[in-house]
Each structure stands twice: as structure tokens, then as C-alpha cells.
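Each chain, letter by letter, is given below.
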Amino acid sequence: MSGSSRLAVWGDPIDHSRSPDLHGAAYRVLGLDWEYGRRRVDVADFDDALDGLDSAWRGLSLTMPLKERAFARSEELDDDARLTGAVNTLLLGERIRGFNTDVRGLTEALQAGGLGASRTARVLGGGATARSALVSLLRLGVTDVELRTRRIAQAQELAGFGERLGLRVQAHALDEGVAAAVDLTVSTLPGDALLDETTVAALVPAGGALFSAAYAPWPTPLAQAWTDAPVLTGLEMLLHQAVAQIRIFLHGTPDVPLRDEPAVLDAMRAALG
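Residues numbered from 1 in each chain as written. Predicted model: local features only at pLDDT ≥ 70, side-chain atom pairs only at ≥ 80, totals over all residues. Heavy atoms only, no water.

Novice: Teacher, can you tell me more about the overall build of the chain here?
Specialist: Scanning the chain from N- to C-terminus turns up 11 helices and 12 strands. Taken against the 2.2 N^0.38 rule, which gives 19 Å for 273 residues, the C-alpha radius of gyration of the chain at 18 Å falls within 12% of a compact globule. C-alpha atoms of the chain, sized along the principal axes, occupy 55 × 35 × 30 Å. Looking at the chain as a whole, 52% of its 273 residues qualify as buried. Expressed as a percentage of contacts within the chain between residues at least 6 apart in sequence, the contacts between residues at least 24 apart total 66%. For the chain, the accessible area works out to roughly 11900 Å², and carbon and sulfur atoms hold 49% of it. (Helix = DSSP H or I, 4+ residues; strand = E, 2+ residues; numbered from the N terminus. Rg over C-alpha atoms; globule rule 2.2 N^0.38 Å. Buried < 20%, exposed > 50% of the residue type's maximum accessible area, 1.4 Å probe, protein only. Contact = heavy atoms within 4.5 Å. Areas by Shrake-Rupley, 256 points an atom, 1.4 Å probe, with all protein chains shown as cover.)

Next up, the structure:
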């Protein structure tokens, strides 16, 4: 493991990912001779791709649609991965260790954007990132959440997860009538998700800030229509979850800060432009 120096982000699609920019900037500041690339991998190819890695590989970042499959392949899990059933970071070695840094990344992004005091929220989308969002919102003190997904059954399934966390949750289809007012809307929908005018019109008047986990393409249709309240892009979440990943790749845990971490953060933000 000490000599392993190859890392990458896997997902499908993957060409839009800014993770190589972020990680490369951090490794230069830290003086690490590590190589971090990107590879298009879908769920069907994931197992073969993972099994094909040799001892030169230190770890992987995982994005859509691989987080549940990475969870299934992990031999050890951190608490957030175990809670959400989603892994976005694999530390390779004698055992495959799975981590979820999305929860931490979103929490720190919302705090940095001045949205950490929200008490009511809406979450759009029903996948792995939506589960991470519910955990993050709970830890920030949110008590009531409205869920909206394209399929009501998916919203109801996610609502059960939220209720088990201790949240008060309502489930709706994405286009089901005018949304209630909330302090914060968290969209976990892909950046290229097509929303019809009726759906956008139902969501925008509800007030409150918008956080979009997507950052490419930007602005998303929803962000473009959200003109009367703050809008935060997912780049800040990407930044903070990447810092936690680098801690894992270097120290084996997200809880040990990097050497000169403020300088690392500055270099990573500069890499984003």
C-alpha cells in the first residue's frame, strides 16, 4: 500500500468530472507523486474493472451510478457508508474499505454557504446522493423534509429511510402540485435532467435557497429558474468530499486533517476556477 500511487474517479458519464483537477492540485501541494485519472465504468462492468486492478492502485472515487455497487463490494465500511448503503470512496489494499464522504461534503458545503441553520427542506431525487442528503440535513438540525422523485414509490421508499433517521417526512411525485414553502431545497438530480415547465413552476415559488449537487452542465434548468433566492452549485460539496477522500487515501480515515490543509483547500479552489 505504501508504494501504491494510482487513483481515479469512475462513473458513467465521467467526462464532466472535476475530481482529477481537485485531486491533482492537492497532491502537488502535499508533494505526493500520485496519479489520479478518470474512467468510464458502468454497473455491469464494475466488478471486472475492480478485480482487474493491480497493487499499484491506492483507491477510487465513485460517482453515479456506482455507489451502491461499491457498497456491495466493500469488505469494511465507515459509519456513513453503512448508514446510507452508499460508497463513494474505496481504499484498496489487503481489504477493500468503503467510505461515504458525500455526507460530510454536503454538510460542510451548506455550512460554508450560510445554509446550516435551515430547519425545513426539500430533497429532489431518490438515489444514493439523496440518502446522503437526508443524513446531512438531520445533522444540521433539519426536522421536516419533503421528498420528490419521478416515481412516487421511490419517494415512499426514501421516506421510510428518513423516518428511521428520525425526520418527519412527506413523499410526493416530482410533478405533484405546488410545493410547500421550505428553508432549503436540495436537488440531487443529474445536471442534464429534463424538467418540464409545470414541474419547475411548482418548485420555484416555494421559496428558500437551492443547493444543486450537480455542477455540469451549469446552470441546470432548475437553477436557471431559481431567481429570487440563493443558489449554490455542487462544486463546494465536491470540494469538501474530495478533501475527506484525500485524508482517507493518505491516512486511512477522513478524521485526520491534511498537513497545511488551508493551503490545500486554496489550491483546490483555484483549480476549479
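The discussion continues.
Novice: Got a minute to help me understand empty space enclosed by the protein in this structure?
Specialist: Gaps left between atoms show up when a probe the size of a water molecule is rolled over them. Throughout the structure, instances matching the rule amount to 1 cavity of 30 Å³ or more. Estimates place the volume of the largest cavity at around 80 Å³. Residue lining of the largest cavity: Ser 187, Leu 189, Pro 190, Ala 193, Leu 195, Leu 210, Ser 212, Thr 220, Pro 221 and Leu 222, and that is the complete set. Of the residues in the lining of the largest cavity, the class split is 7 nonpolar, 3 polar and no charged. (1 Å grid on protein atoms, 1.4 Å probe; cavity = no way out; pocket = protein on both sides within 12 Å on 5 of 7 lines; lining within 4 Å. Points joined across faces, edges and corners; volume = space filled by probe spheres on them. Nonpolar A, V, L, I, M, F, W, Y, C, P; charged D, E, K, R; others polar.)

Novice: I tried to follow the pattern of salt bridges on my own but got confused; where do I start?
Specialist: Side chains that carry opposite charge are capable of pairing whenever their charged atoms lie near each other. Following the criterion strictly, the structure yields 18 salt bridges and no others. The closest approach of N and O atoms between Asp 21 and Arg 18, which form a salt bridge, is 2.8 Å. One salt bridge connects Arg 139 with Asp 80, and the closest N-O pair in it is separated by 2.8 Å. Highlighted residues: Arg 139 in helix H6 (residues 128-140) and Asp 80 in helix H4 (residues 79-84), separated in sequence by 59 residues. (Salt bridge = Lys/Arg side-chain N within 4 Å of Asp/Glu carboxyl O.)

Novice: When you look at the side chain of Thr 220 in this model, what are you seeing that I'm missing?
Specialist: Examined against the element boundaries, Thr 220 turns out to sit in the loop between strand E11 (209-212) and helix H9 (221-225). Take Thr 220: its relative accessible area is 7%, and that puts it in the buried class.

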